[in-house]
Amino acid sequence: MEGTTVIGTSPAALLEIEKRVLWLATAIVHHANRVRPNPEGLKVGGHQASSASMATIMTALWFEHLRAGDRVSVKPHASPVLHAINYLLGELDEHHLTTLREFGGLQSYPSRVKDPDPVDYSTGSVGIGATAPIWGAIARRYVRAGEGRQYSLVGDAELDEGAVWEAILDPMVAELGEVCWIVDLNRQSLDRVVPNIGAPRLQGMFEAAGWQVITVKYGRLLEKLFGMPGGPQLRRRIDEMTNPEYQRLLRCSAPELRKRLPDNPELRSLVDQLDDDTLVAALRNLGGHDLDALGDAFTDIDDSRPTVIFAYTIKGYGLATEGHPQNHSALLTHEQLAELAERVGADVDDPWARFPEGSDAARLCAEVAQRLRRDPVPAPPKVEVPTDFGRTPSGTANTQAALGRTLLDLTRSAPDAARRVVTLAPDVSSSTNLGGWVNKVGVWSPRERVDWFADDPETILHWRERPDGQHIELGIAETNLVGLLGELGATWSRWGEPLLPIGVVYDPFVERALEPWSFGIYAGGQSILVGTPSGVSLAPEGGAHQSITTPSVGLEQPGCVAYEPAFAIDVEWTLLACLAKLGRPDGSSAYLRLSTRPVDQSLAQVPADPAARELRRRQVVAGAYPLRRCAGRPEVTVAAMGAMVPEALAAADRLAEQGVATDVVCVTSPGLVFEAVQARSGRGSADTWVLESAFPQHRAAPLVTLLDGHPHTLAFLANIHRVRAVHLGVTKFGQSGGLRDVYRYHGIDADSVVAAALDVR
C-alpha cells in the first residue's frame, strides 16, 4: 500500500487546524444547546468532551495520512469533529453547523444516508460502527474495488461490547492488513472514570488474534522530561497511578500538583525545576494529543495484518470540563466558551469563520480537500432478475430445501444475476440446504486454497476456496454475519457494483442478529436474511431452537419486507422478487422465514393457465392469496401462514364434512398486508388490491388465523372487515417431540383449528 505521510505539512498550520477543529466541534454542540431556540425545553445533547478527546487524532489522520481510497468509521460521540473537518475541507455548508440534532439537520451520530456531508460508515450502535470497516474491507475485496485502508475510531468503553471481539476473532480478519483501529483511550465511560481500563490485557487480546499493536501513550514533552534526572521516577509515578487519581490531578492547579505528584525526592527535584505552565502541560501531554507522536504511529502501520493503535487521551482535552468524571454530557457555559475562543484564536461572535485566504492553514485545507476528493460513484447497473422459472414443484418438499433449489435454478436461467449473488452462513451451510449451491459456485477466499478432500469419494460438500467463489463462511457469530451482510449490501452505493447478498441463519437466532442487521439497513445496506428452520415445526430440537416472535420481524422492521412461504413455488417467487429489489437506490431488504416441515406440493394448487399462474405469483409476492374457496358464501375463513397451511386445509376438509363452508387464505407476508390495510385508510402509499384479492368484502366471514409463531402477527386481519376472530399460534416455550404432539401442545393442530372455527362462526 502506498505511503501515507504528507510531505511538507507545516507543523504550525497543522496545530492551527487542530485548534480550529476543537473549536468548531465545541461550538456546534454549544449552538444546538445554548443558542438555538428550544421552545419544547427538551434536552438537545451532544458530546463536547468526547469530541475533544478525538480532535487531535482526527486532525492528524485527515490532514496528514488519509487518502481518497481510505474509509473511516468515526465513533458516535465524535460526530461534531467529523462535521468540523468536513466544513474546513469545503464538504459542508456553513448553515448546517447550526443544525446539529435539528429535524433535517446534522444527525446526532454519523449517518451515511441522513447527514449532508460525507460519512463513510453510520455509527451510533455500540460495537456495530466499530466493526463495520472489517466487513467493508471484505466487501471491497469481494467486488475488487481498488485499495485503501479501513479505519475505525473507537472509544475505549466500546471494547466492552461483545460484537467487537466476535469480529476480531473471526479467522479471516487476521488477513485484512488494510484494517486499522484507533482506540481513544480516555479511560472514562458515561458515568465514571473507569477504575482499571486494563490496557495491557486488551493489547494482549489483540496480539493473540494476530493484530499489530501500537501504543501511543506519551507526547514529546513528557518523553523529554523522562530523559532528565528524576524522569524515570515521573514515568513510574504516572504509569502506576490509578485512572481516578490521574483524572483528579488533571483538575489540580500547579501549586496543588507540586504537593500531590511527587512521591520521592528525585521526582520532587524534577517538579521543582518546572515552571507552572510546563508542569500543568506535562501532565496532559499524552500521545493521543501529540501530533508528532500520532504521526509516528501512523507511519509504523504494518499493512500485512490488522493494526490497532491505543492512543492515550483525556476526555474533554482543552476544555474547562477536562478530566471531570461527569463531563460526558457536560456543556460549556458562555463564559467558558469565550475563554476557549481566546485560547484557540476563534471569535464567539463569528464562530464559523474560515482561515484567512492565503494563510498556511487555508492552503493546507485546500490541499487536503484535493487529495481526498473521490470520483463520483457510478450509477449501479440494473440487475435483471426473472420473476418465474416456469417450473411447478411436485412431490413432497420443504421451503428450506426450496431455497437452495431456487439459487441453482437462477444460475441456469439468469447467469448474469446469479453471478452477483453471494451467500453467507455462520457454519450452517450444509444444515440449511446450501450444499448444492456451495458445490456449484465455490467458497470465496482472498486467495485460492488447496481442497485436500477433492479426491475423497465420500465427500459430498466440496469446499473449494478461491477468489471467484460466491459463498462466504464465517464462524458461529450471527452478529458478524449480518455485519458483513450489510456491507455487501452497500457495494452498489459505495462502488457502483451491486451484489445480491443472502445470509442464512437458524431462525431462533434471528433476534440475536436483528439489531446489527437493522442498523445495517439504516446505513443503506440491502440484503436478504433467511431464518431457517423455524418455529415449533422443528419439533425434535426442543424449545431452545423453536422460534416464536420472529414472524413479526417484517411487520415491524423499517426498510424490510418479510415472507413466510408455505410452498416451494412461493419460495421461488418471493425470493426472486426480493433479489430484484437489491442493489438499487429505491431498493429494500427482506427476511424469509423457512421451515424443514415436509409438505405435499400438490396442496399449492398452482394454476396451469399462464394468466392464472401469473395472478397467483403476483398475489404471493403482494402478501396473500386465496388457496381454497368454498361454493357460495363462507361461514368461516382460515388465514394461515407457512408450515401451518396443511393444518388449515385439513381443518377446512373436516369443517366441510360438517356442513361448514370454509375459505382458506394463505398469507405470505403479514407486513405487506398490514401496509395495504393502512394505505386503505389513507396512511401510506402501498397497493391495496391484495385486500380485495385475498379478503374480498363479499366473502367476509368470521376468521381463524393460524401460524407457527406468536398469534398477534396475524391478529390485525380481523380488522379488514371487522369480523369476529380467533387467533391461534405459539405463545410459550416448546419442548421436544413429534409434530403431532407439539402442534397439539401449542393448540395449532387441525383439531384446534376446527374447534376455533366452530366457536367463532
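Everything that follows concerns the structure shown earlier in this document.
Read on for a plain summary of the structure. (Residues numbered from 1 in each chain as written. Predicted model: local features only at pLDDT ≥ 70, side-chain atom pairs only at ≥ 80, totals over all residues. Heavy atoms only, no water.)

**Re the sheet that holds strand 1 (residues 71-73)**
- If you walk across this open sheet you meet the five strands as 1-2-3-5-4, and the pairing is parallel. Strands at the two margins of the open sheet, each flanked by one partner only, are strand 1 and strand 4 (212-216). The mean angle between the axes of side-by-side strands here comes to 15°, regardless of whether they run parallel or antiparallel.
- As paired elements, strand 4 and strand 5 (residues 307-312) share five bridges and run parallel to each other. (Pairing = 2+ DSSP bridges. Helix = DSSP H or I, 4+ residues; strand = E, 2+ residues; numbered from the N terminus. Axes fitted to C-alpha atoms, helices over the stretch in contact; angles between N-to-C directions.)

**Observations concerning the environment of His-65**
- Mapped onto the elements of the fold, His-65 is located in helix 2 (residues 48-65).
- Here His-65 falls in the buried class, since its relative accessible area comes to 1%.
- Separated by 619 residues in the primary sequence, His-65 and Gly-684 have C-alpha atoms spaced 47 Å apart. (Buried < 20%, exposed > 50% of the residue type's maximum accessible area, 1.4 Å probe, protein only.)

**Remarks on unusual backbone geometry**
- Omega for the bond connecting Thr-532 with Pro-533 falls within 30 degrees of zero, at -10°, which places this linkage in the cis form.
- In this structure, Pro-533 sits in the loop between strand 12 (528-531) and helix 22 (553-556).
- Of note in this structure, Arg-101 is not a glycine but carries a positive phi near 65°.
- Mapped onto the secondary structure, Arg-101 falls in the loop between helix 3 (79-88) and helix 4 (128-143).
- Given the relative accessible area of 27%, Arg-101 is considered partly exposed.

**Looking at the packing of aromatic side chains**
- A full pass over the atoms with the stated rule returns 11 aromatic pairs.
- Arranged with centres 5.5 Å apart and planes meeting at 40°, the rings of Phe-519 and Tyr-522 form a pair that is tilted. Here Phe-519 and its partner Tyr-522 are both found in helix 21 (residues 510-522), three residues apart, which amounts to about one turn of the helix.
- The class of Tyr-522 is partly exposed, set by a relative accessible area of 30%.
- Site record: aromatic cluster; members linked through ring pairs are Trp-165, Trp-181, Phe-206, Trp-211 and Phe-310.
- Above the face of the Tyr-121 ring, Arg-494 is positioned so that its terminal group lies 4.3 Å from the ring centre.
- Positioned above the aromatic ring of Tyr-745, the side-chain terminus of Lys-732 is 4.4 Å from the ring centre. (Phe/Tyr/Trp six-rings, centres within 6.5 Å; stacked < 30°, edge-to-face > 60°. Lys NZ or Arg CZ within 6 Å of the ring centre and 35° of its normal.)

**A closer look at helix 28 (residues 739-746)**
- Turning to helix 28, its buried residues are Val-742, Tyr-743 and His-746. One face of helix 28 carries all of its buried residues, which in axial projection span an arc of 95°.
- Looking at the buried side of helix 28, the elements it contacts are helix 25 (645-657). (Arc of directions from axis to C-beta. Contact = heavy atoms within 4.5 Å.)

**What about the sheet that holds strand 16 (residues 624-628)?**
- Taking strand neighbours across the sheet as the criterion, the five strands line up as 16-18-17-19-20 in an open arrangement whose pairing is mixed. Taken across any chain shown, the strands that pair with only one partner, and hence form the sheet edges, are strand 16 and strand 20 (725-728). Strand after strand, the sheet turns through a mean of 20° between neighbouring axes, direction not considered.
- Here four bridges tie strand 19 (residues 703-706) to strand 20, and the two strands are oriented parallel to one another. Following the sheet pairing, Leu-706 is matched in strand 20 by Leu-728.
- In the packing of helix 25 onto the sheet, contacts are made with strand 16, strand 17 (636-641), strand 18 (662-667) and strand 19, and the angle to strand 18 comes to roughly 175°.

**Description of helix 25**
- In this model helix 25 runs 19 Å from its N-terminal to its C-terminal C-alpha over 13 residues, within 8% of the 18 Å that 1.5 Å per residue would give.
- With its phi angle positive at about 85°, Gly-659 sits one or two positions after the end of helix 25. (Expected span 1.5 Å × (residues − 1).)

**Some words on a nonpolar patch on the surface**
- There is a patch of nonpolar side chains on the surface, built from Val-450, Trp-452 and Phe-453 and spanning about 420 Å² of accessible area.
- Summarising the element assignment, Phe-453 is placed in the loop between strand 8 (443-444) and strand 9 (465-466). (Patch = residues over 30% accessible without salt bridge, like charges linked within 9 Å, V, L, I, M, F, W, Y side chains within 5 Å. Areas by Shrake-Rupley, 256 points an atom, 1.4 Å probe, with all protein chains shown as cover. Salt bridge = Lys/Arg side-chain N within 4 Å of Asp/Glu carboxyl O.)

**Overview of a negative patch on the surface**
- A cluster of like negative charges, contributed by Asp-93, Glu-94, Asp-347, Asp-349 and Asp-350, occupies part of the molecular surface.
- With respect to the element layout, Asp-350 can be found in the loop between helix 14 (334-344) and helix 15 (360-372).
- Take Asp-350: its relative accessible area is 40%, and that puts it in the partly exposed class. (Lys, Arg positive; Asp, Glu negative; His and termini not counted. Charge placed at Lys NZ, Arg CZ, Asp CG, Glu CD.)

**Description of the pattern of salt bridges**
- In the structure shown here, the tally under the stated rule is 39 salt bridges.
- Here Arg-258 ties to Asp-276 by a salt bridge, and the two come within 2.8 Å at their closest N and O atoms. One end of the pair, Arg-258, is in helix 10 (residues 254-260); the other, Asp-276, is in helix 12 (residues 276-283), with 18 residues separating them in the sequence.
- Taking relative accessible area as the criterion, Asp-276 reaches 38% and is therefore assigned partly exposed.
- One connected set of salt bridges, linked through shared partners, spans Arg-391, Arg-405, Asp-409, Arg-412 and Glu-572.

So, to be careful, I would describe these as geometric facts and stop short of saying anything about function.
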